[in-house]
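# Survey of secondary and tertiary structure
For reference, the chains in residue letters:
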Amino acid sequence: MASNVLTAGAEAAEAANPYETAQRQFDQAAAILDLDPGLRQVLREVRREFTVNFPVRMDDGSIRVFTGYRVQHNLTRGPAKGGIRYHPQVSLDEVKALSMWMTWKCAVTNLPYGGAKGGVICDPTQLSLQELENLTRRYASEISLLIGPESDIPAPDVNTNQQTMAWIMDTISMEKGYSVPATVTGKPLSIGGSQGRPAATGRGVMVVTLEACRRMGLDPSQATVAIQGFGNVGSVSAELLHGQGFKVVAVSDVFGGIHNPDGLDVPALLEHQRTTGKVRGFAGAREEISNSALLELPVHILIPAALENQFTMHNAARVQAKLVVEAANGPTTPEADDIFHQRGVVVVPDILANAGGVTVSYFEWVQDLQSFFWEESEINQRLTRIMEQAYHQVDDLAQQHRTTLRMGAYCLAVKRVADATAVRGIYP
Ligand code: GLU
């Protein structure tokens, strides 16, 4: 599965601080829920933030020091859970935001987890496979103080994949002296991975997109879709939505985008991307477009599947789609959210839309702990049920509070975590 493809978006550089965005979203939900002031203070901060500076031996024999993070926002409802990303723009505030979003994501789907996230500041396209392995193993060893099946369980995220998880699992297992498969999820099948995990985030995106269309009276066979980002999540979403009859008219990756208003032949595009490493140059494209132009196309559905801060106060008013499904984490700033709300653009928020990945991660962890493995059909059925139920609960709460789906999702999630915190009480 392609994992080294993402949209960097130059426009993201000057954008909002994701942690401030996450805290503003939380504050808004806390106000709607009239949350106790003490609980507000607890939940709007991360519990632990861990920075590691570690040496890696490069292919030319030199040593380079890299900086990485592992942040745990919350552990109240179970072990912390969340991916690890490799990217030059990783920052502590980004990882803190992503860890908080993981807490809410796991609570929206009612998984018995808290939230965490990790990241290493690096450009994986500039590292050899050997250097990536060295970096991954040393980072895993550095954060082994925190991670483990009962405490904190990493998974893939931007620019990390099954191989990365295999190295982490091996490093932790070698340090223990025995295999600990449940220490990470998103592993290869041969070492305790789960059927359906690589496609799970995209599958969840498909399920919520179908649900949203049903509620909006949008017929999939008449609906056009543009997808920003063609890594694991974007490409699987494209494939599955195409399979459901949606017309995917534009896609993009870090090198730029392609557009064909008559629809792209997604299976052929996937083949092109597999062989050339990019979407540009695909014979079935009518024109090449930029990542930012893709977001303003006249389509019914927009799926950001790359990085944060893609919709801001600068471009939200120009978005023509009626439905935005956030496959990426944090693609919409609070200002853009307000503009979408005023304009009647429906946003299926990240903490619901992309929760399919962590849901099947949970299935993987359960299977590893029991050493008993399920068939793919069972995985997909259970995933669909959880995503549909979460969508309904979020939608009900949004209607009840006359608010957005994002605030509906936050109300569901924050209340679950707040109730758990209140009943456990404050230690000591
Ligand atoms: N990195 C994915 C996310 O942002 C998956 C996390 C997981 O499976 O733990 O949801």
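Residues numbered from 1 in each chain as written. Predicted model: local features only at pLDDT ≥ 70, side-chain atom pairs only at ≥ 80, totals over all residues. Heavy atoms only, no water.

Let us look at the sheet that holds strand S1 (residues 48-57). In space, the five strands of this open sheet follow the order S1-S2-S4-S3-S5, with mixed pairing throughout. The sheet is open, and its two borders are formed by S1 and strand S5 (152-156), each paired with just one other strand. Taken over all neighbouring pairs, the strand axes of this sheet differ in orientation by 25 degrees on average, direction set aside. Of the pairings in the sheet, the one linking strand S2 (residues 63-74) to strand S4 (residues 114-121) comprises six bridges and is antiparallel in character. For asparagine 74, the partnering residue across the bridge sits in S4 and is glycine 115. (Pairing = 2+ DSSP bridges. Helix = DSSP H or I, 4+ residues; strand = E, 2+ residues; numbered from the N terminus. Axes fitted to C-alpha atoms, helices over the stretch in contact; angles between N-to-C directions.)

Glancing now at the site of the ligand. Around the ligand lies a shell of 14 residues, among which Lys81, Lys105, Pro156, Asp157 and Ser361 are the nearest. One of the side-chain N or O atoms of lysine 105 is found 2.7 Å from an oxygen atom in the ligand. Residue serine 361 places a side-chain N or O atom 2.6 Å away from an oxygen atom belonging to the ligand. Among the elements of the structure, strand S3 (80-87), helix H3 (92-108), S5 and helix H12 (356-370) are those that each provide at least two residues to the shell around the ligand. Of the residues belonging to the shell around the ligand, the class tally is four nonpolar, five polar and five charged. (Near = heavy atom within 4 Å. Polar contact = N/O pair within 3.5 Å; in protein donor to acceptor, adjacent residues only side chain to side chain. Nonpolar A, V, L, I, M, F, W, Y, C, P; charged D, E, K, R; others polar.)

So, on to the layout of surface pockets. Its boundaries defined by the atoms lining it, the second largest pocket holds a volume of some 470 Å³. Secondary-structure elements contributing two or more residues to the lining of the second largest pocket are helix H2 (37-43), S2 and helix H14 (405-424). Along the lines of polarity and charge, the residues of the lining of the second largest pocket split into six nonpolar, five polar and four charged. (1 Å grid on protein atoms, 1.4 Å probe; cavity = no way out; pocket = protein on both sides within 12 Å on 5 of 7 lines; lining within 4 Å. Points joined across faces, edges and corners; volume = space filled by probe spheres on them.)

Now for the pairing of strand S6 (residues 224-228). Most of S6 is tucked away: five of the five residues are buried. By the bridge criterion, five bridges tie S6 to strand S7 (residues 247-253) in an arrangement that is parallel. The partner of alanine 226 across the bridge, within S7, is alanine 250. The sheet contact formed by S6 and strand S10 (residues 301-304) spans four bridges and is parallel. Across the sheet, valine 225 pairs through a bridge with isoleucine 301, a residue of S10. (Buried < 20%, exposed > 50% of the residue type's maximum accessible area, 1.4 Å probe, protein only.)

As a further point, take the nonpolar core. Counting 88 residues, the largest nonpolar core has Trp104 and Val348 as its most contacted members. Setting aside residues no more than four positions away along its own chain, tryptophan 104 makes contact with Phe26, Leu43, His73, Ile351, Tyr410, Ala413, Val414 and Val417. Counting 22 residues, the second-largest nonpolar core is a separate cluster that includes Val56, Met58, Ala140 and Ile172. (Core = buried A, V, L, I, M, F, W, Y, C linked by side-chain atoms within 4.5 Å. Contact = heavy atoms within 4.5 Å.)

Relative to the assigned elements, threonine 224 resides in strand S6. Apart from residues no more than four positions distant in its own chain, threonine 224 is found in contact with Lys247, Val249, Pro298, Val299, His300 and Ile301.

Let us now look at unusual backbone geometry. Tyrosine 427 connects to proline 428 through a cis peptide bond whose omega is 0 degrees. Among the structural elements, proline 428 can be located in the segment after H14. Of note in the backbone geometry, aspartate 34 takes a positive phi value of approximately 50 degrees without being a glycine. Mapped onto the fold, aspartate 34 is located in the loop between helix H1 (18-33) and H2. A positive phi angle is found at serine 371, which is not glycine, with a value near 50 degrees. For serine 371, a relative accessible area of 59% gives the class exposed.

So yeah, pure geometry; function would need other evidence.
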